[in-house]
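Architecture and fold: a report
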Amino acid sequence: MDKVVDSVADAVADIPGGATLAVGGFGLCGIPSTLIAALARTEAAGLRVVSNNCGVDDWGLGLLLRAGRIARMTSSYVGENKEFARQYLSGELEVELTPQGTLAERLRAGGSGIPAFFTPAGVGTQVEEGGLPWLYAADGSVAVASPPKEVREFGGRRYLLEESITADFALVRAEIADRHGNCVFHSAARNFNPLCAMAGRTTLVEAERVVEAGELDPDAVHLPGVYVDRIVAADPVDKRIERRTVRPAAQEA
């Protein structure tokens, strides 16, 4: 089955307001920036996004955030986006922070049909006890707080119950995809992309290179095409460096 879509606009056209999105990437590494930019050109708002972070102020998911199109974020790290902090503290954005490994496993479990699992991460903290502010009111009080989590003991150690995550749509970026949806990711850009793809009921992939079916070595495939519904060509220059670090000239000498 050929899953390549001619237009990125067509690929995102049926994403409605209020949809839940699982978005791959880590910082600005491996983010589906072509799909995000196309979605930003639609009218979809009130989006509930699951992603490790929310891009930066003027790129990636930051584009949707700045336009007021995201209602809720489930993330593990949000420290690179000042607008994110402003919206959260002013009560404009609901935020569920979750440990990074737990977030990864919640997505993987959702894609595997596992409704929940136990993890030691967060035991003995406010993650277990509840009360973390998810949404502030305009006056600075907590409007919505995290609930307490179920705790069980296995082998003498306490664990928290975490529910899995599924999403209406997943947006991911691959280095290579064949027309059947089999994907290969480049190095660290693999990050959350396969997990988000698994968790999406409809998964959209932007690929830097699209090849014919059969061209990929089966042993090289990171994400089987069974998880992919649509493929579009990614903008080949649509990449940014989150923090450019260079060595001072004096040290080089």
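Definitions and cut-offs
- Residues numbered from 1 in each chain as written.
- Predicted model: local features only at pLDDT ≥ 70, side-chain atom pairs only at ≥ 80, totals over all residues.
- Heavy atoms only, no water.
- Disulfide = S-S within 2.5 Å.
- Salt bridge = Lys/Arg side-chain N within 4 Å of Asp/Glu carboxyl O.
- Helix = DSSP H or I, 4+ residues; strand = E, 2+ residues; numbered from the N terminus.
- Buried < 20%, exposed > 50% of the residue type's maximum accessible area, 1.4 Å probe, protein only.
- Pairing = 2+ DSSP bridges.
- Axes fitted to C-alpha atoms, helices over the stretch in contact; angles between N-to-C directions.
- Contact = heavy atoms within 4.5 Å.
- Core = buried A, V, L, I, M, F, W, Y, C linked by side-chain atoms within 4.5 Å.

The protein has the name CoA transferase subunit A in an unreviewed UniProt entry, where Streptomyces endocoffeicus is given as its organism.

This next bit is on the state of the cysteines. Within this structure, the stated rule accounts for 0 disulfides. Cys183 forms no disulfide, and the closest cysteine sulfur to it belongs to Cys196, at a distance of 13 Å.

Below, the discussion takes up the pattern of salt bridges. Should their charged atoms come close, side chains of opposite charge can pair. Under the defined criterion, the tally for this structure stands at 14 salt bridges. Among the salt bridges present, the one from Asp14 reaches Arg230, with a minimum N-O distance of 2.7 Å. Of the two residues, Asp14 sits in the loop between helix 1 (8-12) and strand 1 (20-23) while Arg230 sits in strand 13 (residues 230-233), which places them 216 residues apart along the sequence. Notably, a salt bridge pairs Arg173 with Glu208, separated by 3.3 Å at the nearest N-O pair. With a gap of 35 residues between them, Arg173 in strand 10 (residues 167-178) and Glu208 in strand 12 (residues 200-211) connect regions that are remote in the sequence. The exposure class assigned to Glu208 is partly exposed, which follows from its relative accessible area of 35%. Because the salt bridges share partners, they merge into one network encompassing Arg72, Glu94, Glu96 and Arg106.

Once that is clear, we can look at the sheet that holds strand 8 (residues 151-154). Pairing within the open sheet is antiparallel, and its 3 strands lie in the order 5-9-8. A single partner strand is all that each edge strand has here, and the edge strands are strand 5 (116-119) and strand 8. Strand-to-strand twist across the sheet, computed as the mean angle between neighbouring axes with direction ignored, equals 40°. Along the sheet face, helix 5 (residues 100-111) touches strand 5 and strand 9 (157-163) and points at about 155° away from the line of strand 5.

Ranked by size, the top nonpolar core spans 29 residues in total, and within it Ile15 and Leu21 carry the most contacts. Elements with a minimum of two residues in this core: helix 1, strand 1, helix 2 (33-40), strand 2 (47-50), helix 3 (61-66), strand 3 (70-75), helix 4 (82-89) and strand 10. Counting residues per element, this core draws most heavily on helix 2, which supplies 4 residues. If we ignore the near neighbours within four places in the chain, the residues touching Leu21 are Ile15, Leu39, Leu47, Arg48, Val49, Val50, Ala167 and Phe169. Listed in part, the 24 residues of the second largest apolar core include Val172, Ala197, Met198 and Ala199.

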